[in-house]
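Below, each chain spelled out in residue letters.
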Amino acid sequence: MDPTGISTHPRLSVGGSGPGHVLRMARSKTASGVLDAETGGGRPRRGYVWTVNGTKVAEGQVLEWLNEFIIAGDGQAYGYRKLTTWLRREHGLIINKKTVYRLLRSVDLLQGQPLRPSGNRPPRVLAANRVVTGPNQLWEMDLKYGYIAGEDRFFYLCSVIDVFDRCILAYWTYVNKMDTRN
């Protein structure tokens, strides 16, 4: 800083004025607007994780453990969350699932997500052998069971539904108090 209190460092900028002003590092951007790789986009990585005993373990060692576990076939079908749990249990690491995700991504050990059917769902097949063209041609019965926690009770709900317009034709309920005798 010069005698006037203004920063002369090329990458420092003053954020505010007065006695409580803050100096911030200015991030250099490339022409495309993306943060430059050499200046980084945030806080630098530590490069190690801690164990429950308070010792440091290098991230390279963690990657080696993960690689051995996955190649041995034991962790082949595990995702990064289960691998995080495995590292915590087997090696006593204090490690975040996002750190495990970053490590697996850096060495291309991440698995893809399971394939799920597309958004086009098939039509509901309720009565495959019937064509319902109007009300009161086909009914369904639906039975629900539930528990009311605040009142320590459970209930049954049985309803009869018209398939054509999905209206409820009739319903029956049964509510009972839980028996707490030993």
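Structure report, in brief. Everything numeric here is computed off the predicted structure, so don't read it as measured data.

This next bit is on the packing of aromatic side chains. On inspection of all chains with the given rule, the structure shows eight aromatic pairs. The interplanar angle of 15° and the centroid separation of 3.9 Å between the aromatic rings of Phe69 and Trp86 together place this pair among those described as stacked. Of this pair, Phe69 sits in helix H1 (residues 59–71) while Trp86 sits in helix H2 (residues 80–91), and the two are 17 residues apart along the sequence. Using a relative accessible area of 11% as the deciding quantity, one classes Phe69 as buried. Its guanidinium or amino end placed over the ring of Tyr48, Arg46 lies 5.3 Å from that ring's centre, counting from NZ or CZ. Directly above the aromatic system of Tyr48 lies the positively charged group of Lys56, at a separation of 4.4 Å from the ring centroid.

Notably, Asp108 is not glycine yet its phi reads approximately 60°, a positive angle. Within the secondary structure, Asp108 is located in the loop between helix H3 (97–106) and strand E6 (139–148). Judged by its relative accessible area of 67%, Asp108 is exposed. If you check the backbone angles, Asp152 has positive phi at about 55° while not being a glycine.

Below, the discussion takes up the pattern of salt bridges. Overall, the coordinates contain four salt bridges when judged by the stated rule. A salt bridge links Arg166 to Glu140; the shortest N-O distance between them is 3.6 Å. Of this pair, Arg166 sits in the loop between strand E7 (153–162) and strand E8 (168–177) while Glu140 sits in strand E6, and the two are 26 residues apart along the sequence. By relative accessible area, Glu140 is classed as partly exposed at 25%. A salt bridge links Arg153 to Glu151, with the shortest nitrogen-to-oxygen separation between them at 3.2 Å.

Here Arg102 is to be found in helix H3. Here Arg102 is in contact with Arg45 and Glu59, once residues within four sequence places are set aside.

Reading the values: rules and limits
Residues numbered from 1 in each chain as written. Predicted model: local features only at pLDDT ≥ 70, side-chain atom pairs only at ≥ 80, totals over all residues. Heavy atoms only, no water. Phe/Tyr/Trp six-rings, centres within 6.5 Å; stacked < 30°, edge-to-face > 60°. Helix = DSSP H or I, 4+ residues; strand = E, 2+ residues; numbered from the N terminus. Buried < 20%, exposed > 50% of the residue type's maximum accessible area, 1.4 Å probe, protein only. Lys NZ or Arg CZ within 6 Å of the ring centre and 35° of its normal. Salt bridge = Lys/Arg side-chain N within 4 Å of Asp/Glu carboxyl O. Contact = heavy atoms within 4.5 Å.

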